[in-house]
Amino acid sequence: MPIRVEENIWIPLADGTRLAARLWLPEGAETAPAPAVLEYIPYRKRDGTRGRDEPMHGWFAGQGYAAIRVDMRGTGESDGHMADEYLKQEQDDALEVIAWIAAQPWCTGAVGMMGKSWGGFNALQVAARRPPALRAIITVYSTDHRYSDDIHYQGGCLLNDNMWWGAIMLAYQARPADPAIVGEGWRRQWLERLERLPFFPALWLRHQRYDEYWKHGSVCEDWSAIQVPVLAVGGWADSYTNAVPRLLAGLQVPRRGIIGPWGHVYPQDGAPGPAIGFLQEALRWWDQWLKGHDTGVMEEPMLRAFVEDWNAPTGTRAETEGRWVGEAEWPSLAIQPRRWALNAPGALADAAGPEAEILVRSPLNHGKAAGEWMATGCPGELPVDQRLDDGAAQLFDTAPLDEAVEILGAPELLLDLAADAPVAQLAVRLCDVAPDGRSARVSYAVLNLTHRGGHESPAPLEPGRRYQVRVKLNDCGHRFPAGHRIRIAIATGYWPTVWPAPTAATLTLRAGASHLDLPVRQGGAGVAFEPPVRGPAAPATQLSPGAIRRYSKQDHVTGETTYVTEGIGGLFGEGILRFDEIDTMASHSLKRELVIRNDDPLSARYVLTQSYEMGREGWRILIESRSMLTADLDRWHLTTELTAKENGQVVTERAWTEDIPRDLV
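Residues numbered from 1 in each chain as written. Predicted model: local features only at pLDDT ≥ 70, side-chain atom pairs only at ≥ 80, totals over all residues. Heavy atoms only, no water.

Enquirer: Quick question: what am I supposed to make of the state of the cysteines here?
Expert: Linking two cysteines covalently through their sulfur atoms gives a disulfide. If you walk through the whole model with that rule in mind, you get zero disulfides. With no disulfide of its own, Cys431 has Cys476 as its nearest cysteine by sulfur position, at a separation of 11 Å. Looking at Cys431, the relative accessible area reads 0%, which means it is buried. (Disulfide = S-S within 2.5 Å. Buried < 20%, exposed > 50% of the residue type's maximum accessible area, 1.4 Å probe, protein only.)

As structure tokens, this is what we get:
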């Protein structure tokens, strides 16, 4: 179906703010209106997500939908100020946007909302506000629980990606609107935006427990608020997967879930593969709920998931071996827990052995084989051979398996333990160990033991006191082959994924009184997807291929371990691109250096430098920043310096310094 694209349209809000949008329409939509699909995010529709938007939203338009990509208030070319993520203002604006779309002559009045990451979050949040024209949503790589499963905290531990993402948001929000869209007022608007930049990493670091700040926008607080059908999508290599089973179990509306092997990219481009025909799946969802056609989506299994086979544990993988399976309902009666006891000196066995105490205190650089918290399809980002970390952890192994064991869901540990400090961490890995010794991470969890009873009201540990601690690992789908061993690795930290506890603690684990429950799946039929399709790509020229570097090194004089990741020219390895239709280039380079000594958690230091360059001849913008995080026993110390330049001249310099009390973290 022929389509036309409107590069920019303005959506007026009641308070006078205008939101900028890009619109793809089927030809003739003004006389033959179409349902609309909305994606509403802060990442600049003109030059930020253009390469991703064009082949997706253009394809939807070609199938008879009005597709619209809206920049949120204070982002891209939109007016106003964005003070934080997931604010009520963001939702309020979305309600107006949906009502505006539904009232347009090219729209039938039926609107669907979809998004990945931020857009997946606000699709759930806006659905809970029940705008009348919203008929269904697709949420991809998102969460129902903003504290436990977002980029800020995990298991009550501070994720180091809190600073990574906060620094990126500073650079993103420091970008100006394009003068070709907003006209002569662009520079005044840019200066106002720079002056009002929030210090994002500090905003989130001030809330170290599950308080009202995080409950806002966490739809798990009231499942019944969502009254429209939900398609939820996750990926095992991504960090936003646990919400999919929770959404399927908690929601009471028509719902379906898909979990593939992918990182943080839409499944039609899924990496590591296999990618799937996700746009066709989305179309079936929209046709069912926006057009009223019976497409058979409700005849599909409630959860379709990729069960991974043994894959060599390397940081880069193009394709993942495994197979697609379907579960008619979730939770599934075909999946039952199978228990293994943790026995001394290091066995996983069918029956508990005599109780025995095992001391666990890992070096603080344990975790350097973890890969990235959130994979995005970049080289080197997946977990590597876990033997690099296994030697620093307490291991419990099964005997070689007589037959394959297939799991789907969340493994759980019950640990009987004590600590010698009031604040301590636990890091647990589930691994598949091949006969030649290679160790592949299947799942993991980190837990701040002061959060053992929940994230709302953490409490110090009483040194020496025994506790029964339940640890739920990340959901996973995996088939352990016959002849391999199942391994549980237990450690007292996970650097550089999470910031260490303020003191190095020793745990006393009681073997024989601790056990592992695996969600074992019994066979069942497989499922299949169509191959990926896409619309025409946005015309672009790669000006430089960019480069990705990832490495760790240990200084045997100072005792320091340094973990470095660096993206040059493209944050996610995409290189430097120029979008030819708008003659605009973008280059984003970022380097992270995380340093720690094995015996001193207060030695931890995180330095992040980045530069973002964009523009065209006569209009060149450069954003540069340097951020650093350190901590002492009682406080975090967070600093950032940011410089914005226009055509080589400094326009604004900003500096932030925050000292934030530690709250049992």
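Enquirer: What is the right way to look at unusual backbone geometry in this model?
Expert: Only a minority of non-glycine residues have a phi that is not negative, and only a minority of peptide bonds are not trans. For the bond from Gly273 to Pro274, the omega torsion is 10°, close enough to zero to count as cis. Mapped onto the elements, Pro274 comes out in the loop between strand S10 (255–260) and helix H10 (278–290). Note that the residue after Trp330, namely Pro331, is joined by a cis bond; omega there is 0°. By the element assignment, Pro331 lies in the loop between strand S12 (322–327) and strand S13 (335–343). Look at Asn647: it is not a glycine, yet its phi comes out positive at around 50°. Its place among the elements puts Asn647 in the loop between strand S33 (635–646) and strand S34 (649–661). (Helix = DSSP H or I, 4+ residues; strand = E, 2+ residues; numbered from the N terminus.)

Enquirer: Please explain empty space enclosed by the protein as it appears in this structure.
Expert: Sizing a probe to match a water molecule and rolling it over the atoms shows the empty space that remains. This structure, assessed with the given rule, holds five cavities of 30 Å³ or more. Its boundaries defined by the atoms lining it, the largest cavity holds a volume of some 190 Å³. Taken together, 17 residues line the largest cavity, and the ones lying closest to its centre are Trp164, Glu372, Arg550, Leu571 and Arg592. For the lining of the largest cavity, the elements supplying multiple residues, two or more each, are helix H4 (161–173), strand S27 (547–554), strand S28 (560–568) and strand S30 (584–597). Looking at the lining of the largest cavity, its residues break down into seven nonpolar, three polar and seven charged. If you add up the space inside the second largest cavity, you get close to 90 Å³. Along its surface, the second largest cavity is lined by Asn160, Asp161, Gly371, Glu372, Trp373, Pro496, Thr497, Tyr563, Arg592 and Leu594. A per-class count over the lining of the second largest cavity returns four nonpolar, three polar and three charged. (1 Å grid on protein atoms, 1.4 Å probe; cavity = no way out; pocket = protein on both sides within 12 Å on 5 of 7 lines; lining within 4 Å. Points joined across faces, edges and corners; volume = space filled by probe spheres on them. Nonpolar A, V, L, I, M, F, W, Y, C, P; charged D, E, K, R; others polar.)

Enquirer: Before we go on, may I ask you to explain the pattern of salt bridges in this structure?
Expert: Think of it this way: side chains of opposite charge can pair up when their charged atoms draw near. This model, assessed by the stated rule, comprises 55 salt bridges. Where Glu646 meets Arg187, a salt bridge forms, and the shortest distance between an N and an O atom there is 2.6 Å. In this pair, Glu646 sits in strand S33 while Arg187 sits in helix H6 (residues 186–195), placing the two residues 459 residues apart along the sequence. For Arg187, a relative accessible area of 35% translates into the label partly exposed. Within the structure, one salt-bridge network assembled from shared partners comprises Glu7, Arg22, Arg46, Arg50, Glu54, Asp178, Glu581 and Arg616. (Salt bridge = Lys/Arg side-chain N within 4 Å of Asp/Glu carboxyl O.)

Enquirer: How should I be thinking about the nonpolar core in this particular structure?
Expert: Soluble globular proteins tend to bury their nonpolar side chains together. In terms of nonpolar packing, the biggest core is built from 158 residues, with Leu38, Phe60, Ile68, Ile101 and Trp286 touching the most fellow members. When residues of this core are assigned to their parent elements, the largest contribution, nine residues, is made by H4. For Trp286, the contacting residues outside a window of four places in its chain are Val37, Phe60, Tyr65, Gly112, Met113, Met114, Ala136, Ile137, Ile138 and Lys291. The next biggest cluster of nonpolar side chains, apart from the first, holds 39 residues, and it includes Leu401, Ala419, Val442 and Ile488. (Core = buried A, V, L, I, M, F, W, Y, C linked by side-chain atoms within 4.5 Å. Contact = heavy atoms within 4.5 Å.)

Enquirer: How should the packing of aromatic side chains be read in this particular structure?
Expert: How two aromatic rings sit relative to each other is given by the distance of their centres and the angle of their planes. Applying the stated criterion to the full structure yields 30 aromatic pairs. Aromatic pair Tyr153 and Trp214: ring centres 5.9 Å apart, planes at 80°, arrangement edge-to-face. Residue Tyr153 is found in strand S7 (residues 153–154), and its partner Trp214 is found in helix H8 (residues 212–215); the two are separated by 61 residues along the sequence. For Tyr153, a relative accessible area of 0% corresponds to the buried category. The buried category is assigned to Trp214, whose relative accessible area is 0%. Relative to Trp619, the ring of Trp186 has its centre 5.8 Å away and its plane inclined at 90°; by these criteria the two rings are edge-to-face. Note that Trp186 is positioned in helix H6 and Trp619 in strand S32 (residues 619–631), a separation of 433 residues in sequence. Residue classification places Trp619 among the buried positions, given a relative accessible area of 6%. These aromatic residues form a ring-pair network of at least three members: Tyr43, Tyr86, Trp118, Phe121, Trp164, Trp165, Tyr172, Tyr240, Trp373, Phe572 and Tyr612. (Phe/Tyr/Trp six-rings, centres within 6.5 Å; stacked < 30°, edge-to-face > 60°.)

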